[in-house]
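Residue-level structure breakdown
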Amino acid sequence: MVKKKDDIPDWVLDEIKNAKFEKPESLTRTGYILEVYDSDKKIDAQLYEQVEDGRHIITMDLPKNIKPEECQRGIVYEFTFNQLKAPLSKKTVEFLKKEKEIEISAIYQFDLQKMEALDVASDDAGIDSEE
């Protein structure tokens, strides 16, 4: 069997799949929901403040007490979530950078703990539209 050039070696996939997460860090950030994944019980959130690796958009797993249908897009929330980090080996980091042009040094997982809608007035409040 001939391997395709784009294949990632099994040893890299195994390390990513079996990543060992460190102790979770509790974070609070404000932002809004971009997408809700009902079947996976996950949300994509755009955060105003970045997380450790510089991202502003993250996918969070929903806890059992928050149902996907309760998550509304277009509302500003304060999200409290656990950030879990699993550092990758130097060998894997170098392979991904050199062979795949992917700069990543750790795998992250985000578990939502709670979210609270914030009372934020919209920018056009009180302005009459000209129709």
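A brief look at the structure comes next. (Residues numbered from 1 in each chain as written. Predicted model: local features only at pLDDT ≥ 70, side-chain atom pairs only at ≥ 80, totals over all residues. Heavy atoms only, no water.)

Some details on the overall build of the protein chain
If you tally the helices and strands in the protein chain, you get two helices and five strands. Helices and strands in the protein chain line up, N terminus first, as α-β-β-β-β-α-β. The 131 residues of the protein chain split such that 32% are buried. Across the protein chain, the fraction of contacts at a sequence separation of at least 24, relative to all contacts at a separation of at least 6, is 64%. Here the protein chain has roughly 9,500 Å² of accessible surface; of this, 47% comes from carbon and sulfur atoms. (Helix = DSSP H or I, 4+ residues; strand = E, 2+ residues; numbered from the N terminus. Buried < 20%, exposed > 50% of the residue type's maximum accessible area, 1.4 Å probe, protein only. Contact = heavy atoms within 4.5 Å. Areas by Shrake-Rupley, 256 points an atom, 1.4 Å probe, with all protein chains shown as cover.)

Focus: unusual backbone geometry
The bulk of non-glycine residues show a negative phi, and the bulk of peptide bonds are trans. Of note in the backbone geometry, K41 takes a positive phi value of approximately 55 degrees without being a glycine. Even without being glycine, E101 reaches a positive phi, approximately 55 degrees. Assignment of secondary structure puts E101 in the loop between helix 2 (90-100) and strand 5 (106-117).

Some words on the sheet that holds strand 1 (residues 25-37)
Pairing in this closed barrel of five strands is mixed, and the strands run 1-2-3-5-4 around the ring. Going from strand to strand, the sheet's axes swing by 55 degrees on average, the running direction of each strand aside. (Pairing = 2+ DSSP bridges. Axes fitted to C-alpha atoms, helices over the stretch in contact; angles between N-to-C directions.)

What to know about the packing of aromatic side chains
Counted according to the given criterion, the structure contains five aromatic pairs. Arranged with centres 5.6 Å apart and planes meeting at 65 degrees, the rings of W11 and F95 form a pair that is edge-to-face. Of this pair, W11 sits in helix 1 (residues 10-17) while F95 sits in helix 2; the two residues are 84 residues apart in sequence, bridging distant segments of the chain. Residue class for W11 comes out partly exposed when judged on its relative accessible area of 35%. Under the relative-accessibility criterion, F95 is labelled buried at 16%. The interplanar angle of 75 degrees and the centroid separation of 5.9 Å between the aromatic rings of F81 and F110 together place this pair among those described as edge-to-face. Here F81 is found in strand 4 (residues 76-87), whereas its partner F110 is found in strand 5, with 29 residues between them in sequence. (Phe/Tyr/Trp six-rings, centres within 6.5 Å; stacked < 30°, edge-to-face > 60°.)

Focus on the packing of helix 1 against helix 2
Taken N-terminus to C-terminus, the directions of helix 1 and helix 2 make an angle of 120 degrees; their axes are 10 Å apart at the nearest point. The angle between helix 1 and helix 2 places the two elements in the oblique class. Once helix 1 is placed against helix 2, the crossing between them reads as left-handed. Contacts from W11, V12 and E15 in helix 1 reach K91, T92, F95 and L96 in helix 2. (Parallel < 35°, antiparallel > 145°, perpendicular 65-115°, else oblique. Left-handed = near helix turned anticlockwise from the far one by under 90°.)

Focus on the nonpolar core
Nonpolar side chains in soluble globular proteins generally cluster together in the buried interior. Of all hydrophobic cores here, the largest spans 20 residues; its most connected members are I43, M60, F79, F81 and L112. Within the residue set of this core, elements represented by two or more residues are strand 1, strand 2 (42-47), strand 3 (57-61), strand 4 and strand 5. Broken down by element, the residue count for this core peaks at five residues, all from strand 5. With sequence-adjacent residues up to four places away left out, M60 is seen in contact with K41, K42, I43, A45, F79, F81, F110 and L112. Core analysis: the second largest hydrophobic core is formed by seven residues, V12, A19, L88 and I107 among them. (Core = buried A, V, L, I, M, F, W, Y, C linked by side-chain atoms within 4.5 Å.)

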